[in-house]
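So the chains spell out like this:
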Amino acid sequence: MEFKKESVDIKYEIGDDIGRGQFATVKRCREKQTGSEFAAKFIRKRRGGGRRGAKLEDIQREIEILTETNHRNIINLYEVYETNREIILILELVDGGELFEHLSERDKLCEEEASSFIKQILDGVEHLHSKHIAHLDLKPENILLQDRGSTAVKLIDFGLSRKIAPKQDVRAMMGTAEFVAPEVVSYEPLSVATDMWSIGVLTYILLSGASPFLGENQQDTYHNITSLNYQFDEEYFDGTSELAKDFIQNLLVKDQRKRATIYECLKHPWIKHYLNHYQS
Ligand code: ADP
């Protein structure tokens, strides 16, 4: 995708901040000619040997992945601008807030609602995995609701995503402790299955409001992950169906090769069961 060098203000009116990441600020913006709204993600470039700002190769990778994807459950990228200090991504605006906020208002979700969210996430992830792209940062902060009160969700933040061809050796220590798979903690090769683990954690959280591996500190959390130390506590899972638990158990599997794949998850009865009952 072309990096436009003219000022972004020529075409867009830049509005309020709507989000912030480690090196990025996301602002609402409006295309002057059409009045259409977008989200502008301003990513600070790393300069020299400093540690502030994102590495150009990482920004380029995020852009490449967004250019390659095209799916209703994945954020769309329209244009890229470049200044001395920043790269600016003009993204589809997703206006309903983070699934994380929705969840904190509600404590936990009923199975119909949780499985409807998970189904959409699976659909988006299937698109990624069919292209050998691993998101590698799936968590409620990176899943946005389309509009307030909407049940449609989109995946955002491809800042850690990687294209991983079969047999390619990609290792990385990254992501948010609570959601990372054992192979991330032990610095072993990653694969698209690394996302499947995170979907297991996500499903657990949506259904219970509790985090399966979260410990007193990061080291404790990592230890819980690598020793597969989690339970379905009665306190939180009272009334949760066996099907839902089975779905989670198929994902929280230490050996990546034995973990359920995206295709298996889409066929799982827990996902299929509610589909006919709950269509958005
Ligand atoms: P980073 O890569 O620095 O983590 P993100 O892409 O996660 O940045 O964006 C930071 C925050 O901005 C997100 O958590 C979200 O709340 C908000 N955000 C990002 N993209 C959009 C978008 N397209 N529409 C609306 N809000 C967004």
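In the block above lies the structure referred to throughout.
Here goes a summary of the coordinates provided. (Residues numbered from 1 in each chain as written. Predicted model: local features only at pLDDT ≥ 70, side-chain atom pairs only at ≥ 80, totals over all residues. Heavy atoms only, no water.)

What follows concerns the pairing of strand β3 (residues 24-31). In this sheet, β3 lies alongside strand β2 (residues 12-20) in antiparallel orientation, the contact comprising 6 bridges. Its bridge partner lying in β3, Ile14 is registered against Cys29. The antiparallel hairpin formed by β2 and β3 contains 3 residues in its connecting segment. Sheet topology note: the β3/strand β4 (residues 37-44) ladder contains 7 bridges and is antiparallel. Bridged to Arg30 within β4 is Glu37. The antiparallel pairing of β3 with β4 creates a hairpin that spans 5 residues between the two strands, and Gly35 there sits at a positive phi of about 80°. (Pairing = 2+ DSSP bridges. Helix = DSSP H or I, 4+ residues; strand = E, 2+ residues; numbered from the N terminus.)

We now examine empty space enclosed by the protein. Inspection of the entire model under this criterion finds 1 cavity of 30 Å³ or more. Around the largest cavity sit Leu136, Asp137, Leu138, Lys139, Met174, Gly175, Thr176, Phe179, Val180, Val184, Thr194 and Ser198, which together line it. Of the residues assigned to the lining of the largest cavity, the class counts are 6 nonpolar, 4 polar and 2 charged. (1 Å grid on protein atoms, 1.4 Å probe; cavity = no way out; pocket = protein on both sides within 12 Å on 5 of 7 lines; lining within 4 Å. Points joined across faces, edges and corners; volume = space filled by probe spheres on them. Nonpolar A, V, L, I, M, F, W, Y, C, P; charged D, E, K, R; others polar.)

The next subject is the packing of helix α5 (residues 193-208) against helix α8 (residues 242-251). For the pair α5 and α8, the least separation of the axes is 8 Å and the interaxial angle reads 150°. Considering their axes alone, α5 and α8 lie roughly antiparallel with respect to each other. α5 and α8 meet at a crossing whose hand is left-handed. The residues of α8 that touch α5, namely those facing Met196, Trp197, Ile199, Gly200, Thr203, Tyr204 and Leu207, are Ala244, Phe247, Ile248 and Leu251. Its residues assigned to classes, the contact of α5 with α8 shows 9 nonpolar, 2 polar and no charged. (Axes fitted to C-alpha atoms, helices over the stretch in contact; angles between N-to-C directions. Parallel < 35°, antiparallel > 145°, perpendicular 65-115°, else oblique. Left-handed = near helix turned anticlockwise from the far one by under 90°. Contact = heavy atoms within 4.5 Å.)

As a further point, take the site of the ligand. Contacts to the ligand come from 20 residues, most closely from Lys41, Glu92, Val94, Glu98 and Asp157. Within the backbone of Gln22, one N or O atom sits 3.3 Å away from an oxygen atom of the ligand. With respect to the ligand, the backbone of Val94 contributes an N or O atom lying 3.1 Å from a nitrogen atom. When the ligand sits alone it has 550 Å² of accessible area, and the protein chains cover 87% of it. Applying the majority rule of atoms within 2 Å of the grid points places the ligand in the largest pocket. At the level of secondary structure, the elements contributing two or more residues to the shell around the ligand comprise β2, β3, β4 and β6 (86-92). The element contributing the most residues to the shell around the ligand is β2, with 3 residues. In terms of residue class, the shell around the ligand is made up of 10 nonpolar, 4 polar and 6 charged. (Near = heavy atom within 4 Å. Polar contact = N/O pair within 3.5 Å; in protein donor to acceptor, adjacent residues only side chain to side chain. Areas by Shrake-Rupley, 256 points an atom, 1.4 Å probe, with all protein chains shown as cover. Sits in = over half its atoms within 2 Å of the grid points.)

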